[in-house]
Amino acid sequence: MKYSKLKLAQEAIKHKGFLQKIPSVYRMFKLWYRGEYKMKFTDVLIPALALIYVISPIDIIPDFVPVVGALDDLAILALAIPMLMKEVDKFLLWESQLRKGNREIQDAEIVE
């Protein structure tokens, strides 16, 4: 069975509400870039590098290797997307508190 990067990416983005949170991801990065929202540099760097790796034709395991060639991309996405979603959840909490007028929030943690 041949796996394509596009199919694997589609499977990875089915993560809990990922598609609905894309506008929030955009707002988060925009406010982070402006300096209004604080987050660790690694929380920005790892998802960005993962996206570049998945899009790039250069892979650790070439895609022409059956199954395993595409699984490295899926593994990278499986690492990066939950990390990004956790940060987006923190951002949404920060944003809702900001709307309520509490501008003193420094950090937020999502408890499951």
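In this text the structure is predicted, and so the values were computed from the model without any measurement.

Visitor: How do you make sense of the pattern of salt bridges when you look at a structure like this?
Guide: Pairs can form between side chains of opposite charge once their charged atoms are near each other. The full count for this structure, using the stated rule, is four salt bridges. Note that K21 and D89 form a salt bridge whose closest N and O atoms lie 2.5 Å from each other. Residue K21 is found in the loop between α1 (5-12) and α2 (22-34), and its partner D89 is found in helix α4 (residues 68-99); the two are separated by 68 residues along the sequence. With a relative accessible area of 24%, D89 lands in the partly exposed category. As a salt-bridge pair, R34 and E36 come within 3.7 Å of each other at their nearest N and O atoms. Judged by relative accessible area, which is 52%, R34 ranks as exposed. If you follow the salt bridges from partner to partner, you end up with R27, E95 and R99 in one network.

Visitor: Which parts of the structure should I look at to understand α4?
Guide: The periodicity of an α-helix, 3.6 residues per turn, causes residues three or four places apart in sequence to face the same way. With 32 residues, α4 should reach 46 Å at 1.5 Å per residue; the first-to-last C-alpha distance of 46 Å fits that figure. Where α4 ends, the next residue or the one after it, G101, has phi of about 100 degrees, a positive value.

Visitor: Can you help me understand a nonpolar patch on the surface in this one?
Guide: On the surface, a nonpolar cluster with roughly 400 Å² of combined accessible area is contributed by F41, L45, L49 and I52. With respect to the helices and strands, the residue I52 is situated in helix α3 (residues 41-55).

Visitor: Quick question: what am I supposed to make of the packing of α2 against α4 here?
Guide: Two quantities define a packed helix pair, namely the angle between the axes and the distance from one axis to the other. At their nearest, the axes of α2 and α4 sit 10 Å apart, and the two run at 75 degrees to each other. In terms of orientation, α2 lies roughly perpendicular with respect to α4. Across from S24, V25, R27, M28, F29 and L31 in α2, the residues of α4 making contact are L84, M85, E87, V88, F91, L92, W94 and E95. Each residue belonging to the contact of α2 with α4 can be placed in one class, and the counts come to 10 nonpolar, one polar and three charged.

Visitor: Just checking my understanding: could you explain the nonpolar core for this structure?
Guide: Proteins that are soluble and globular tend to have nonpolar side chains buried together. Counting 15 residues, the largest nonpolar core has M28, Y37, L84, M85, V88 and F91 as its most contacted members. When residues of this core are assigned to their parent elements, the largest contribution, seven residues, is made by α4.

Analysis parameters
- Residues numbered from 1 in each chain as written.
- Predicted model: local features only at pLDDT ≥ 70, side-chain atom pairs only at ≥ 80, totals over all residues.
- Heavy atoms only, no water.
- Salt bridge = Lys/Arg side-chain N within 4 Å of Asp/Glu carboxyl O.
- Helix = DSSP H or I, 4+ residues; strand = E, 2+ residues; numbered from the N terminus.
- Buried < 20%, exposed > 50% of the residue type's maximum accessible area, 1.4 Å probe, protein only.
- Expected span 1.5 Å × (residues − 1).
- Patch = residues over 30% accessible without salt bridge, like charges linked within 9 Å, V, L, I, M, F, W, Y side chains within 5 Å.
- Areas by Shrake-Rupley, 256 points an atom, 1.4 Å probe, with all protein chains shown as cover.
- Axes fitted to C-alpha atoms, helices over the stretch in contact; angles between N-to-C directions.
- Parallel < 35°, antiparallel > 145°, perpendicular 65-115°, else oblique.
- Contact = heavy atoms within 4.5 Å.
- Nonpolar A, V, L, I, M, F, W, Y, C, P; charged D, E, K, R; others polar.
- Core = buried A, V, L, I, M, F, W, Y, C linked by side-chain atoms within 4.5 Å.

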